[in-house]
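Each chain, written out:
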Amino acid sequence: MSEHSDELYQQVILEHNRKPRNYGKLALSTHEAEGYNPLCGDHLFVRANVNAEGVIVDVAFEGDGCAISKASASLMTAAVKGKKVEEAKILFEEFRRLVLKEIDPDKDPHHLGKLTVFSGIWKYPSRVKCAILSWHTLKGALDKEKTVSTE
Amino acid sequence: MLDIQKIREDFPNLRAHGRDEKPLVYFDNAATTFKPCQVISLTHSHYCQRTANIHRGVHYLSEVATAEYESTREKLRRFFNAKSLYEIIFTKGATESINLVAHSYGRKFIKAGDEVIISEMEHHSNIVPWQMLREATGCVLKVIPMNDQGELCLDEFQKLLTPRTKILSIVHVSNSLGTVNPVREMIKQAHAVGAVVLLDAAQGVTYEPIDVQAWDADFLVMSGHKIFGPTGVGVLYGKEKLLEAMPPYQGGGDMILSVTFDKTIYNRLPHKFEAGTPNIAGVIGLGAAIDYVSALGWKDVMQYKKELLAHGTKVLSAVPGIKFFGTAKNKTTIFSFTIGDIHPHDLGTLLDREGFAIRTGHHCTQPVMKHFGIPATARASLAFYNTKEELDAFAKALIKVIEVFQ
Ligand SMILES: Cc1ncc(COP(=O)(O)O)c(C=O)c1O
């Protein structure tokens, strides 16, 4: 591929697309939402099991989408599992700002870790929605909204 | 024979660059086409030298602009072989033209229980206005199914036709599959039960010459930007007696003869349907586009595109894992496909990085995607300025893209 392709389709993303983590249903879930991106037809469910202390003890996603949306969902579940709901919401906000290039991951403080693989996506405005769909859906689930759309 | 290199020089946008300064291969002509310099310079010179409103001024510029605007009407009359100039209405595009018919003709002549027939491969713009009509009138919307090659099931169409069928609104050439429908035959069959027929020729106008009298089409719609003209301008052709009987679609200036607070007398055709200041420069530019395609000659254009279709089918078939959607016997230079389980949007983004502009998604034809049980396809749509070499490069790029996912 061209010298640029690694900016967006990095190995981490391709690998999570191939073998998504936390894919499927949960035996027990307290929160659930359905996310839909009408532009591309990306469509997924995010389910979470939050305990009495407000910790996301388990989280999973399921659905169809492009490599970007799948990898993003996979990385998201890995990132928020074991975190408190408030921490997950902070991550959501940081991720949202990352993909819109409102923060520079090399300079500004953040908790994004591996999620910074999406830092180049702002160059592809039509794909930002693919990356952020699962996050909106998670937030919707945590806020008890049933369906979430990127439009 | 077309001199493609010479033709390409007429289209400055072909020399533009894609992302990251890559040379551009533009394969998104079903979405919109590039404009030849003839169109660009006429629009430009209108704004530089002949800006005026039309039909209203006694001053020189207004007369010149009016004459140019009206001469485009004559060009379109000839292009479609319409009987009279009254039958050519300027709109902002195919979408508005369909809405005009659904609203004006529909609400006057369609009653509860009447039937409107469309097909499974319609663009959303030829679905939603009829659903709105259904809401307003209680009419019944029937859908002609298609087979897995993306061809309409004509037996089923026969069965859908009844004495209550009032409108058949059908796409001539499908934008997502490339299928060319046997519309001349379908018009005859619809007329046999007394229905009127609207042809969505948004894609068809660049495929073959259309003769509305020989085909006996009642209405025909198109968009200027898909035939190498400007955006924001389109055409509705309608048989004069039908348009005469229809109420205006919008009220305003230009569509009236006289206005008092008690009574307004509507203007004659075609002005009755052209309320307000139209897209004057757009219409004038469209005239230049019609001149351009007319001068190329249909025979050569059709022959060349047939070669492009055959070549594209050959080289793309060799791409591992490719699956085509829309393999009708009669089709145009539109290749809709998926590759293995790679999502079309990923293909689109990776091809974009190589300089190829294609469309990915549902192409405003969600029922087509549903038919095949897929969310989206990648679509390469070619115009006469595209080349076999571009197709070769495209097939190569696809193979490279697939490797990323292995
Ligand atoms: C078959 C068909 N019909 C209608 C339309 C609508 O055209 P416009 O958006 O220019 O009004 C399109 C455009 O994609 C089309 O391809």
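These numbers were taken from a predicted model, which means no experiment stands behind them.

Examining the overall build of chain B
Consideration 1: Tallying secondary structure elements over chain B gives 14 helices and 15 strands in all.
Consideration 2: Relative to its length of 406 residues, chain B is compact, with a C-alpha radius of gyration of 22 Å against a globular reference of 22 Å.
Consideration 3: Seen along its three principal axes, the alpha-carbon backbone of chain B occupies a region of about 75 × 55 × 35 Å.
Consideration 4: Put simply, chain B has 406 residues, and 60% of those count as buried.

Overview of the overall build of chain A
Consideration 1: For chain A, the helix and strand inventory stands at 4 helices and 4 strands.
Consideration 2: Helices and strands in chain A line up, N terminus first, as α-β-β-β-α-α-α-β.
Consideration 3: A compact globule built from 151 residues would reach a C-alpha radius of gyration of about 15 Å, and chain A, at 14 Å, matches this within 12%.
Consideration 4: Taken along the three principal axes of its C-alpha coordinates, chain A extends 45 × 35 × 30 Å.
Consideration 5: Taking as baseline every contact in chain A between residues at least 6 positions apart, the subset at least 24 positions apart corresponds to 58%.
Consideration 6: On chain A, roughly 6,900 Å² of surface is accessible, and the fraction owed to carbon and sulfur atoms is 51%.
Consideration 7: Considering chain A, the positive charge centre built from 21 side chains and the negative charge centre built from 22 side chains are found 2 Å apart.

What about the packing of helix H3 (residues 85–99) of chain A against helix H4 (residues 125–142) of chain A?
All names here are of chain A.
Consideration 1: Put simply, H3 and H4 touch, their axes get as near as 10 Å, and they point 160° apart. Relative to H4, the element H3 lies roughly antiparallel. Remark: the crossing between H3 and H4 carries left-handed chirality. Judged by residue contacts, Val85, Ala88, Lys89, Leu91, Phe92, Phe95, Arg96 and Val99 of H3 engage Val128, Ala131, Ile132, Trp135, His136, Lys139 and Leu142 from H4.
Consideration 2: A breakdown of the residues in the contact of H3 with H4 according to their chemical character gives 11 nonpolar, 1 polar and 3 charged.

Side note on the packing of helix H1 (residues 11–18) of chain A against helix H2 (residues 67–80) of chain A
Residues and elements named next belong to chain A.
Consideration 1: Between H1 and H2, the shortest axis-to-axis distance is 8 Å and the interhelical angle comes to 85°. It follows that H1 is roughly perpendicular to H2 by the angle criterion. In this structure, H1 uses Val12, Ile13, His16 and Asn17 to contact H2, whose residues at the interface are Ala67, Ile68, Lys70, Ala71, Ser74 and Leu75.
Consideration 2: Of the residues that constitute the contact of H1 with H2, the class distribution is 6 nonpolar, 3 polar and 1 charged.

A few points about the interface of chain A and chain B
Consideration 1: The partner chain B presents 20 residues to the 22 residues of chain A that form the contact.
Consideration 2: Counting each side, the surface lost to burial between chain A and chain B is near 1,700 Å², with a carbon and sulfur contribution of 54%.
Consideration 3: Taken together, chain A and chain B are joined by 1 salt bridge.
Consideration 4: Here Asp346(B) makes a salt bridge to Arg127(A), at a shortest N to O gap of 3.0 Å.
Consideration 5: On the surface where chain A and chain B come into contact, there are 8 residue pairs in polar contact (both at pLDDT 80 or more).

Looking at the site of the ligand
Residues and elements named next belong to chain B.
Consideration 1: Every residue near the ligand is listed here: Ala94, Thr95, His123, Ser125, Val171, Asn175, Asp200, Ala202, Gln203, Ser223, His225 and Lys226.
Consideration 2: At a separation of 2.7 Å, an oxygen atom of the ligand approaches a polar side-chain atom of histidine 225.
Consideration 3: Considering only residue class, the shell around the ligand consists of 3 nonpolar, 7 polar and 2 charged.

A short note on the pattern of salt bridges
Residues and elements named next belong to chain A.
Consideration 1: Applying the stated criterion to the full structure yields 31 salt bridges over all chains.
Consideration 2: The salt bridge partner of arginine 96 is glutamate 102, with a shortest N-O separation of 4.0 Å.
Consideration 3: Overall, the relative accessible area of 24% leaves arginine 96 in the partly exposed class.
Consideration 4: Using a relative accessible area of 40% as the deciding quantity, one classes glutamate 102 as partly exposed.
Consideration 5: Connected via shared salt-bridge partners are Lys25, Glu32, Arg47 and Glu62.

Things to note about the confidence of the model for chain B
Consideration 1: Per-residue confidence for chain B averages 96 on the pLDDT scale, and 100% of its residues sit at or above 70.
Consideration 2: Listed scores for the predicted complex are pTM 0.93 and ipTM 0.84.

Things to note about the side chain of Arg50(B)
All names here are of chain B.
Consideration 1: On the secondary structure map, arginine 50 appears in the loop between helix H2 (37–49) and helix H3 (60–80).
Consideration 2: The class of arginine 50 is buried, set by a relative accessible area of 15%.
Consideration 3: For arginine 50, the side chain forms a polar contact with the side chain of glutamate 68, separated by 2.6 Å.

Notes on the pairing of strand E2 (residues 42–50) of chain A
All names here are of chain A.
Consideration 1: Burial analysis of E2 places 7 of its 9 residues in the buried class, which makes it a mostly covered element.
Consideration 2: The pairing of strand E1 (residues 31–37) with E2 spans 7 bridges and is antiparallel. The residue bridging glutamate 32 from the neighbouring strand is arginine 47, located in E2.
Consideration 3: The turn joining E1 and E2, which pair antiparallel and follow one another in sequence, is formed by 4 residues; a positive phi near 80° is taken by glycine 41.
Consideration 4: One ladder, built from 8 bridges, connects E2 with strand E3 (residues 56–64); its direction is antiparallel. The partner of phenylalanine 45 across the bridge, within E3, is glutamate 62.
Consideration 5: As consecutive antiparallel partners, E2 and E3 are separated by 5 residues, and within that stretch glycine 54 has a phi angle of approximately 80°, a positive value.

Brief notes about the packing of aromatic side chains
All names here are of chain B.
Consideration 1: What the rule picks out here adds up to 23 aromatic pairs over all chains.
Consideration 2: Consider the rings of phenylalanine 79 and tryptophan 298, whose centres lie 6.3 Å apart with planes at 35°: the pair is tilted. One end of the pair, phenylalanine 79, is in helix H3; the other, tryptophan 298, is in helix H11 (residues 298–317), with 219 residues separating them in the sequence.
Consideration 3: Between phenylalanine 325 and phenylalanine 372, the ring centres sit 5.1 Å apart and the planes meet at 70°, which makes this aromatic pair edge-to-face. Remark: phenylalanine 372 occurs in helix H13 (residues 366–372) and phenylalanine 325 occurs in the loop between strand E11 (322–324) and strand E12 (334–339); sequence separation between them is 47 residues.

Section: helix H10 (residues 280–296) of chain B
All names here are of chain B.
Consideration 1: Taking 1.5 Å of rise per residue, the 17 residues of H10 would be expected to cover 24 Å, and the 25 Å separating its terminal C-alpha atoms lies within 8% of that figure.
Consideration 2: Among the 17 residues that make up H10, 14 are buried, leaving the element largely enclosed by the rest of the structure.
Consideration 3: Two residues or fewer past H10, glycine 297 is found with a positive phi of approximately 95°.

What counts and how
- Residues numbered from 1 in each chain as written.
- Chains lettered and ligands numbered in written order.
- Predicted model: local features only at pLDDT ≥ 70, side-chain atom pairs only at ≥ 80, totals over all residues.
- Heavy atoms only, no water.
- Helix = DSSP H or I, 4+ residues; strand = E, 2+ residues; numbered from the N terminus.
- Rg over C-alpha atoms; globule rule 2.2 N^0.38 Å.
- Buried < 20%, exposed > 50% of the residue type's maximum accessible area, 1.4 Å probe, protein only.
- Contact = heavy atoms within 4.5 Å.
- Areas by Shrake-Rupley, 256 points an atom, 1.4 Å probe, with all protein chains shown as cover.
- Lys, Arg positive; Asp, Glu negative; His and termini not counted.
- Charge placed at Lys NZ, Arg CZ, Asp CG, Glu CD.
- Axes fitted to C-alpha atoms, helices over the stretch in contact; angles between N-to-C directions.
- Parallel < 35°, antiparallel > 145°, perpendicular 65-115°, else oblique.
- Left-handed = near helix turned anticlockwise from the far one by under 90°.
- Nonpolar A, V, L, I, M, F, W, Y, C, P; charged D, E, K, R; others polar.
- Buried area = accessible area lost by both parts, 1.4 Å probe.
- Salt bridge = Lys/Arg side-chain N within 4 Å of Asp/Glu carboxyl O.
- Polar contact = N/O pair within 3.5 Å; in protein donor to acceptor, adjacent residues only side chain to side chain.
- Near = heavy atom within 4 Å.
- pLDDT = per-residue confidence, 0-100.
- Pairing = 2+ DSSP bridges.
- Phe/Tyr/Trp six-rings, centres within 6.5 Å; stacked < 30°, edge-to-face > 60°.
- Expected span 1.5 Å × (residues − 1).

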